[in-house]
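Listed here are the chains, written in short residue letters.
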Amino acid sequence: MTCHWRRLLLTVAIVSGLLFQGLALAQEAKKLDPARWEPAMKKFADADAKSPPTPGGIVFVGSSSIVLWDVQKSFPDLDIIKRGFGGSLLSDTVHYFDRVILPYQPRTIVVYAGDNDIAALRTPKEVADQFKQLVEKIKKQVPNAKLVYIGIKPSIKRWDKVDKVREANELIKAQIAALTNVVYVDVDAPMIGEDGKPRAEFLAKDGLHLSPAGYEVWDSLVRPHIEGDSRLSTRRALYDRYHPWVPPSSLEEWKVESEKIRQRVLVSNGLWPMPEKQEIKPVIHGKVDMGDYTVERVFFESSPGLLVTGSLYRPKKVEGKIPGILCVHGHAEDGRMHESSDASVPGSYANDGEQFRSGAKHYSQARAVQMVRMGAVVFFYDMIGYADQGPLAHRPGFADADAALWLHNKMGLQTWNSIRALDFLVSLPDVDSSRIGVTGESGGGTQTFMLCAVDQRPTVAFPAVMVGTAMQGGCICENADYLRVGQNNIAIAALMAPRPLAMSGANDWTIDIETRGLPELKQVYGFYGQADLVHAKCFPQFGHNYNQPAREMMYDWFNAHLNLGLKSPVKQQDYWPLTRAQQTVFTDEHPRPATALEEAPLREQLRARDRKRFESLSQENYDAVIRPAVNVMLPPAQGEIQIVAGSEKEIAGHVKSEEFTVRSKQMSVPVTLLKPQAATQKVVLWLDGAGKSHLLSENGTPDAAVAELLKAGYAVAGADLLLTGSTASAENPYLEKMKKVSPSHQAARPGEDYTGFLYGYNLTLLAERVNDIDRTIQALNSKGFNDVTLVGTNSAGLWALLARSRMAKDQVANAIVDLGGFRFGKIDSSLDLNMLPGALKYGGVGGIAALAFPATLDIHGAGDANDSEISPLSKRYAGSKNLKLSADSLTRDDVVASIVKK
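Novice: When you look at the overall build of the protein chain in this model, what are you seeing that I'm missing?
Specialist: Within the protein chain one finds 32 helices and 23 strands. Relative to a compact globule of 902 residues, whose C-alpha radius of gyration would be 29 Å, the protein chain shows 32 Å and is just as compact. Considering only C-alpha atoms, the protein chain reaches an extent of 110 × 100 × 50 Å along its principal axes. Per-residue burial for the protein chain yields a buried fraction of 59% across its 902 residues. For the protein chain, long-range pairs separated by at least 24 residues make up 74% of all intrachain contacts whose partners lie at least 6 apart in sequence. For the protein chain, the accessible surface area stands at approximately 35,800 Å², while carbon and sulfur atoms represent 53% of it. If the 102 positive side-chain charges of the protein chain are averaged to one point and the 104 negative ones to another, these points end up 3 Å apart.

Novice: Just checking my understanding: could you explain the sheet that holds strand β2 (residues 80–84) for this structure?
Specialist: Neighbouring strands of a sheet are bound in pairs by backbone hydrogen bonds; such pairs are parallel or else antiparallel. Pairing is parallel across the open sheet formed by five strands, whose spatial order is β2-β1-β3-β4-β5. Because the sheet does not close on itself, it has two edges, and the strands there are β2 and β5 (182–185). Averaged over all pairs of adjacent strands, the angle between strand axes in this sheet comes to 15 degrees, irrespective of strand direction. In this sheet, strand β4 (residues 146–150) lies alongside strand β3 (residues 108–112) in parallel orientation, the contact comprising four bridges.

Novice: Which parts of the structure should I look at to understand the packing of aromatic side chains?
Specialist: This model, assessed by the stated rule, comprises 23 aromatic pairs. When the ring of Tyr 754 is compared with that of Phe 757, the centres are 5.2 Å apart and the planes differ by 85 degrees; the resulting orientation is edge-to-face. With respect to burial, Tyr 754 and Phe 757 carry one shared label: buried. Grouped by ring-pair contacts, the aromatic residues Phe 60, Trp 69, Phe 75, Tyr 112, Tyr 215 and Trp 218 constitute a single cluster. One residue, Arg 603, lies across the ring of Phe 398, its end atom 5.5 Å from the ring centre.

Novice: Sorry, what's going on with the sheet that holds strand β17 (residues 667–675) here?
Specialist: Strand order across the open sheet formed by nine strands is β15-β16-β17-β19-β18-β20-β21-β22-β23, with mixed pairing between neighbours. Two strands close off the open sheet at either side, each with one partner strand: β15 (642–651) and β23 (883–885). Mean inter-strand twist for the sheet, computed between neighbouring axes without regard to direction, equals 15 degrees. In the sheet, strand β20 (residues 787–793) pairs with strand β21 (residues 814–818) via four bridges, with the strands oriented parallel. Following the sheet pairing, Thr 789 is matched in β21 by Asn 814.

Novice: In this structure, what is going on with the nonpolar core? I would like to understand it.
Specialist: Grouped burial of nonpolar side chains is what soluble globular proteins tend to show. Counting residues in each nonpolar core, the largest one holds 162 residues, and the members touching the most others are Phe 379, Ile 773 and Phe 824. Sequence-distant contacts of Phe 379, defined by excluding residues within four places in its chain, comprise Val 298, Phe 300, Val 308, Gly 310, Ser 311, Leu 312, Ile 325, Leu 326, Cys 327, Ala 421, Phe 424 and Leu 425. The next biggest cluster of nonpolar side chains, apart from the first, holds 61 residues, and it includes Ile 80, Val 165, Leu 210 and Tyr 215.

Novice: Even after reading the chapter, I still don't get the pattern of salt bridges, so can you show me in this structure?
Specialist: Oppositely charged side chains can form a pair if their charged atoms are brought close together. Using the criterion set out here, one finds 57 salt bridges in the structure. Note that Asp 772 and Arg 775 form a salt bridge whose closest N and O atoms lie 3.0 Å from each other. Taken as a pair, Asp 772 and Arg 775 lie in helix α28 (residues 765–782) at a separation of three residues, close to a single helical turn. When sorted by exposure, Asp 772 lands in the same class as Arg 775, which is buried. Members of the salt-bridge network, linked through shared partners, are Asp 400, Asp 402, Glu 599, Arg 603, Glu 604, Arg 607 and Arg 611.

Novice: It is not clear to me how the side chain of Asp 481 should be interpreted in this structure. Could you clarify?
Specialist: Residue position: Asp 481 is located in the loop between β12 (460–464) and α19 (489–493). Buried Asp 481, no salt bridge; nearest opposite-charge side chain is Arg 264, N-O distance 10 Å. Looking at Asp 481, its side chain comes within polar contact range of the side chain of Thr 755, at 3.0 Å. Residues within four places of Asp 481 in sequence aside, it is in contact with Ser 268, Ala 404, Leu 407, Thr 755, Gly 756, Tyr 759, Gly 760 and Pro 837.

Novice: Explain the pairing of strand β14 (residues 534–539) here, please?
Specialist: Side-chain direction in a regular strand flips from residue to residue, so the side chains alternate between the two faces of the sheet. Pairing of strand β13 (residues 501–506) with β14, which is carried by six bridges, proceeds in the parallel orientation. Across the sheet, the residue bridging to Gly 505 is Cys 538, located in β14. In this region the chain leaves β13, passes through helix α20 (residues 518–527) and returns to the parallel neighbour β14; the handedness of that crossover is right-handed.

Novice: Would you explain helix α9 (residues 162–177) in this entry?
Specialist: It helps to recall that an α-helix has 3.6 residues per turn; residues three or four apart then point in one direction. Look at α9: 22 Å from first C-alpha to last across 16 residues, which is about the 22 Å you get at 1.5 Å a residue. Those residues of α9 hidden inside the fold are in contact with α7 (115–119), α8 (124–141), β4 and β5.

Conventions and cut-offs
- Residues numbered from 1 in each chain as written.
- Predicted model: local features only at pLDDT ≥ 70, side-chain atom pairs only at ≥ 80, totals over all residues.
- Heavy atoms only, no water.
- Helix = DSSP H or I, 4+ residues; strand = E, 2+ residues; numbered from the N terminus.
- Rg over C-alpha atoms; globule rule 2.2 N^0.38 Å.
- Buried < 20%, exposed > 50% of the residue type's maximum accessible area, 1.4 Å probe, protein only.
- Contact = heavy atoms within 4.5 Å.
- Areas by Shrake-Rupley, 256 points an atom, 1.4 Å probe, with all protein chains shown as cover.
- Lys, Arg positive; Asp, Glu negative; His and termini not counted.
- Charge placed at Lys NZ, Arg CZ, Asp CG, Glu CD.
- Pairing = 2+ DSSP bridges.
- Axes fitted to C-alpha atoms, helices over the stretch in contact; angles between N-to-C directions.
- Phe/Tyr/Trp six-rings, centres within 6.5 Å; stacked < 30°, edge-to-face > 60°.
- Lys NZ or Arg CZ within 6 Å of the ring centre and 35° of its normal.
- Core = buried A, V, L, I, M, F, W, Y, C linked by side-chain atoms within 4.5 Å.
- Salt bridge = Lys/Arg side-chain N within 4 Å of Asp/Glu carboxyl O.
- Polar contact = N/O pair within 3.5 Å; in protein donor to acceptor, adjacent residues only side chain to side chain.
- Right-handed = clockwise from strand over helix to strand, strands pointing away.
- Expected span 1.5 Å × (residues − 1).

Dropping the structure here:
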């Protein structure tokens, strides 16, 4: 063969080899393309839509070792969300971070990935770089989450790559050494036998995946890093990416839950019980003739000193009674008088957002005009502190500790004004009270579904760009203490059922309304056989808005459900906007009433109203009014308890000391139980602010007072209630959250956020401690202790007394507590750890404790028995021997004397 042909054949061979290698690389690239996991992502999304996980849980994510892990069996007491996809790489977890980690806002993230990366010939450095990217995403988007990374395991099948595996592990460990809140779990050494090879019993038959015995090893290694009390992690907040709510499964269950939701809304708004309504005396003046309709100026007092102001639109041609519509504005500047800048008008036309300049400049007026032209009376009223409403400011105000203790807040004022605006509307002679619509956008959307939640008169509603499972409302006027504990805006909007409800979404926090929110609402409406009466449509091409396409959707909805009889679709018409002067309610002839109050006198008037209402309660209806409110403020502990056994030993002769933990979901209460020699059913649950350690002296033997109780035949238990004793933390998550002022809030006091931004989404620390007392008593009952005496000393005296107020009358034989002169009225900071919004509205410490009647109460450190916070207790127990009030402090000897003498 000539050299020429040899060179030609060699060239062909090289080219063929390169082509083959290129094809192989292309196939490998396709094989590793993250898009191959789209079906798995859809499966996760469908599962979330069907049963949304609660944010703040533990996410297990990664490759097949995660997929095959029976986490429910391994960790039945933990709230784990498993999002593994077998065969995935660490880079896949990074790529799909927004879909497998971020939506759940986890407190802990457990990751196993990297095994397949090494098998796919990724270098150890490439794997370590992917880990670095994952950490960066976590620190940026869920900065408070703990990351638990399980090192790449050794396996028989991939033993030839063990050096690369270990090199990758070392690079990752080196990164973790410089990080906080990141843990490396070493599974290499525990899985290696004496021969230096992987132990076969820890691996499945394929030599790659784990056997049940292998998972037991992993369980023991991982558990210490993921268990613990979830309440010690970051608290839920309004800006969380996901606020789920799971509807009940039947109409009967919904009827029970809906009443609880409604009571929660009323309590949080400061409207439980509903204030008395005074006669509305509206001033209607300044009629402007707009051709086919008129506009008048309206103002009246919703309660003494609190104004409702707005514009009243009426058709000129009216036959009989016609529908009435409440129109509510959002946070756009000047509210109903809003006028967009000339510079923003061209943008309003983009993507057919607006057809007319009138709508682009005055979108608020556009809907009022269109609806009056459709044949309805429209009352367009002002949000607190907007346009003519005043002299109150919209924010700040009503956002400090005192306002919280009375449950006086901007949302409550607005909801009350909405109720009274509706009273005004239905009082008009030309309005058909059986055909009432309500619509508003953004903050006005919040007002819309809030009004419909507490008032049955609206027959159809359309809250725009507000109902969803993401951000729940950024202003103090959209948040209130207790409002969204265990629920979200979807749950509140569901109270409209089965009345017609439609919503619009946009490219904002409502963008997922069709897939997250609407399905839950359809489930509730389906209970009534009316799933077609709830509807939602997102307009993702637009930002946060109530522009023409969304308004026209609303027009058709109202046309159909107010029986207006117009041809569909109803289109926006052009119109001539009112000037600011034509809309302004107050004039020289009709000035703002001198009775309109500024914040300070209005707050005092509201306090006086609530005091009078509380003091007027009869003994017969005390429980009926106060208990529903306290059930919102201090809700009974939910969920079954589990007792996790700890150590047991003999101390001080024949006294046995047993340590155990009471778990409920992801809540933990460490308990010490000291038992005398003889079996007994009598136990003293002695709680103290220092935790359970107060039961023992420095040498580990029972304290002298405790020893006396044991000698008398009583068992004695103590508990570390949340953030006391062994659960105490230098970084109190409640204080950490409250000290970070939300970007939408102007702090009433430097360094203190609005309580509604924390306690609107989470139980108070006080409520959690009270619940821990419930759980501990349940645990003691399950251990055969049926005769319980509850004792509270130091700061635990308050907690024990409040816990007793909620219990069944026979649940505790006696409660002996030291209040230390505590009064809710002395709290002057939202950072106070005993903050309990609403406490003063319902009588303070004595008003709440009075719910325990006729149970036996022995209260020391009570202070003045005649002051406003103790007198409700004295009044309720008048003539009863079951109440003992003492101004003296409770000593440990007093505790023994009070119990042993019985």
